[in-house]
Amino acid sequence: MNTDLKEIEQKLHELKPAKLPDDLSAKIENIFENSDHIQNKYANHRKIIWFPKIQKLSAVAALLIAFVGVFFAMLNDQNSSNETTTSKTSVDVPLKNNQFIPVNAKNVFEGVKDEGLFLSDDKVPYHGVRYQFSDSFLWKNEEDGSLIEMKVPSQRLFFVPIKTD
Amino acid sequence: MTEESLAESWKEWFHLNGTRLLLFARGKTKSEADAQDVLQDTILRLWKSYSSPIDGHFDPPPLALVYTALRNAAIDHARRINRRTQREQKSDFIVRDRDQVENWFETSSLEQSEQAQIIKEALQQIPEKFQEVLTLKIWGELTFAEIAENLNIPANTAASRYRYALDALRKILKPNSI
């Protein structure tokens with residue numbers, strides 16, 4: 001460091017920071033007089049939180065709800081595990097006793113019936129024709145050869161437009 | 001330690017260090033009012049954080065930490081001021097400089113007072129990063145290592161900035177010297 005710099009450094013060292021303005025000193029001393037936050041700090045350490053009765057009740061209710069929730073969740077888990085087992089059984093075990101298998105289905109035409117003439121809203125004449133059928137279904141038990149037969153009558157109504165011109 | 005004696009210890013600590021802290025704050029702010037605001041704000045925060053006696057003893061904050069707190073407070077303050085100034089300019093307010101001319105240094109004679117004023121103005125002219133290192137070193141009585149930690153720079157950089165600061169002051173105070 002050259003002499004000029006040393007000289008300047010020396011000059012700077014000789015200077016002392018100015019005293020604080022009186023009003024600023026007073027304000028800052030006031031800060032130290034205020035010890036509320038210290039009391040608060042200590043008070044926080046000693047603080048005991050007393051729950052009011054309603055909060056106690058709320059807490060008990062919340063615990064009860066949580067307990068019931070957990071209980072049903074466990075029950076649900078148990079059921080779902082049982083269901084899984086059952087469904088597995090149903091898939092794995094082959095069909096055995098009392099199993100009927102459909103072996104035949106028939107749709108037999110039985111006749112036709114004239115339903116007469118109809119006039120639609122837009123003044124078009126129709127000829128009504130009713131076709132009658134008999135639907136039969138047959139199931140057979142492979143084990144004992146027994147049969148189940150079901151016959152269901154069915155009919156279909158057709159409206160055939162009549163040409164007028 | 002009672003609350004009264006704790007307050008007394010803090011007052012004593014502040015009497016010892018207040019002047020240098022205000023000087024640093026003056027260097028970091030644009031006006032005397034800002035410097036005083038920043039100092040008050042910082043002391044208040046430190047008081048709240050450090051005023052609980054540990055094991056019944058007064059435990060003052062380390063000076064390096066105080067300077068860091070002052071520096072951060074000055075930055076925050078400057079941001080607030082900038083926002084306020086922008087608002088005021090937008091609303092055509094005239095911002096008045098309420099500062100009086102403050103002496104940064106103690107003086108006992110007219111000659112010394114003039115010299116102190118010249119040095120103050122010179123300090124205000126040099127780059128802020130040089131000025132803060134110089135202030136911390138000479139009046140803050142921190143080591144380069146402490147300054148480096150405070151400013152988050154390497155110690156060598158702190159030492160270089162100190163030298164550049166002196167050189168910059170030399171150019172202002174002794175423009176004819178080589």
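Residues numbered from 1 in each chain as written. Chains lettered and ligands numbered in written order. Predicted model: local features only at pLDDT ≥ 70, side-chain atom pairs only at ≥ 80, totals over all residues. Heavy atoms only, no water.

*Asks:* Could you give an account of the overall build of chain A, with specific residues and numbers?
*Replies:* When helices and strands are counted, chain A shows 4 helices and 3 strands. Counting from the amino terminus, helix and strand elements in chain A follow one another as α-α-α-α-β-β-β. Just so you have it, chain A exposes about 13400 Å², and 58% of that area is on carbon and sulfur atoms. (Helix = DSSP H or I, 4+ residues; strand = E, 2+ residues; numbered from the N terminus. Areas by Shrake-Rupley, 256 points an atom, 1.4 Å probe, with all protein chains shown as cover.)

*Asks:* Give a description of the sheet that holds strand 3 (residues 147-161) of chain A that names residues and reports values.
*Replies:* All names here are of chain A. On the basis of which strands lie adjacent, the open sheet formed by 3 strands has the order 1-2-3 and antiparallel pairing. Either end of the sheet is taken by a strand with one partner, and the two such strands are strand 1 (100-119) and strand 3. Neighbour-to-neighbour, the strand axes of this sheet turn through a mean angle of 15°, independent of strand direction. Note that strand 2 (residues 125-141) and strand 3 share 15 bridges and pair antiparallel. Its bridge partner lying in strand 3, Tyr131 is registered against Arg156. (Pairing = 2+ DSSP bridges. Axes fitted to C-alpha atoms, helices over the stretch in contact; angles between N-to-C directions.)

*Asks:* Account for empty space enclosed by the protein, with residues named and values stated.
*Replies:* Tallied over the full model, the rule gives 1 cavity of 30 Å³ or more. Considering only enclosed or pocket space, the largest cavity measures out at about 40 Å³ in volume. Residues belonging to the lining of the largest cavity are distributed by class as follows: 3 nonpolar, 3 polar and 1 charged. (1 Å grid on protein atoms, 1.4 Å probe; cavity = no way out; pocket = protein on both sides within 12 Å on 5 of 7 lines; lining within 4 Å. Points joined across faces, edges and corners; volume = space filled by probe spheres on them. Nonpolar A, V, L, I, M, F, W, Y, C, P; charged D, E, K, R; others polar.)

*Asks:* Can you explain the interface of chain B and chain A? Please cite residues and give values.
*Replies:* Contacts between the two partners involve 44 residues from chain B and, on the opposite side, 30 residues from chain A. Counting each side, the surface lost to burial between chain B and chain A is near 3600 Å², with a carbon and sulfur contribution of 66%. Between chain B and chain A we count 1 salt bridge in total. Between Glu33(A) and Lys11(B) there is a salt bridge, with the nearest N and O atoms lying 2.2 Å from each other. Summed over the shared surface of chain B and chain A, the number is 8 residue pairs in polar contact (both at pLDDT 80 or more). For the side of chain B that touches chain A, the element with the highest residue contribution is helix 1 (residues 3-28) of chain B, accounting for 13 residues. Its residues assigned to classes, the side of chain B that touches chain A comprises 22 nonpolar, 11 polar and 11 charged. (Contact = heavy atoms within 4.5 Å. Buried area = accessible area lost by both parts, 1.4 Å probe. Salt bridge = Lys/Arg side-chain N within 4 Å of Asp/Glu carboxyl O. Polar contact = N/O pair within 3.5 Å; in protein donor to acceptor, adjacent residues only side chain to side chain.)

*Asks:* I'd love a proper account of the pattern of salt bridges, names of residues and values included.
*Replies:* Residues and elements named next belong to chain B. Scanning the entire structure with this criterion turns up 12 salt bridges over all chains. For the salt bridge of Asp167 with Arg170, the shortest nitrogen-to-oxygen distance reads 2.9 Å. Placement of the pair is Asp167 and Arg170 together in helix 7 (residues 155-173), with a separation of 3 residues, close to one helical turn. Taking relative accessible area as the criterion, Asp167 reaches 23% and is therefore assigned partly exposed. Classification of Arg170 as buried rests on a relative accessible area of 7%. Here the residues in one salt-bridge network are Lys28, Arg71, Glu128 and Glu132, joined through shared partners. (Buried < 20%, exposed > 50% of the residue type's maximum accessible area, 1.4 Å probe, protein only.)

*Asks:* Tell me what's going on with the packing of helix 1 of chain B against helix 2 (residues 32-50) of chain B, and back it up with residues and numbers.
*Replies:* All names here are of chain B. Look at helix 1 against helix 2: their axes get within 10 Å of each other, and the N-to-C directions meet at 145°. Relative to helix 2, the crossing made by helix 1 is right-handed. Touching Leu6, Trp10, Trp13, Phe14, Gly18, Leu21, Leu22, Ala25 and Arg26 of helix 1 are Glu32, Ala35, Gln36, Leu39, Ile43, Leu46, Trp47 and Tyr50, all from helix 2. Across the contact of helix 1 with helix 2, the residue classes break down as 13 nonpolar, 2 polar and 2 charged. (Left-handed = near helix turned anticlockwise from the far one by under 90°.)

*Asks:* Kindly report on the confidence of the model for chain B, identifying the contributing residues and their values.
*Replies:* Residue and element names in this part refer to chain B. In the predicted model, chain B carries a mean pLDDT of 83, and the fraction of residues at 70 or more is 85%. Here helix 3 (residues 63-90) is the element of chain B with the lowest mean pLDDT, 82, and helix 7 is the one with the highest, 93. Note on residues 94-99: pLDDT under 50 across the span, and 6 contacts to partners over four residues away in sequence or across chains. Model confidence for the complex: the whole-complex pTM is 0.56, and ipTM, which rates the interface, is 0.77. (pLDDT = per-residue confidence, 0-100.)

*Asks:* Tell me about the pairing of strand 2 of chain A, and name the residues and values.
*Replies:* All names here are of chain A. Where strand 1 and strand 2 come together, 17 bridges link them in antiparallel fashion. From the neighbouring strand, Leu119 faces strand 2, where its bridge partner is Pro125. Connecting strand 1 to the next strand, strand 2, in antiparallel fashion are 5 residues, including Lys123 with a positive phi near 65°. From the end of strand 2 to the start of strand 3, which pair antiparallel, there are 5 residues, and Gly145 there has a positive phi angle of about 75°.

*Asks:* Describe the packing of aromatic side chains, with residues and values.
*Replies:* Residue and element names in this part refer to chain B. In this structure the tally under the stated criterion is 15 aromatic pairs over all chains. Arranged with centres 5.6 Å apart and planes meeting at 85°, the rings of Trp10 and Trp47 form a pair that is edge-to-face. With Trp10 in helix 1 and Trp47 in helix 2, the pair connects residues that are 37 residues apart, well separated along the chain. As far as the burial class goes, Trp10 and Trp47 line up, both buried. (Phe/Tyr/Trp six-rings, centres within 6.5 Å; stacked < 30°, edge-to-face > 60°.)

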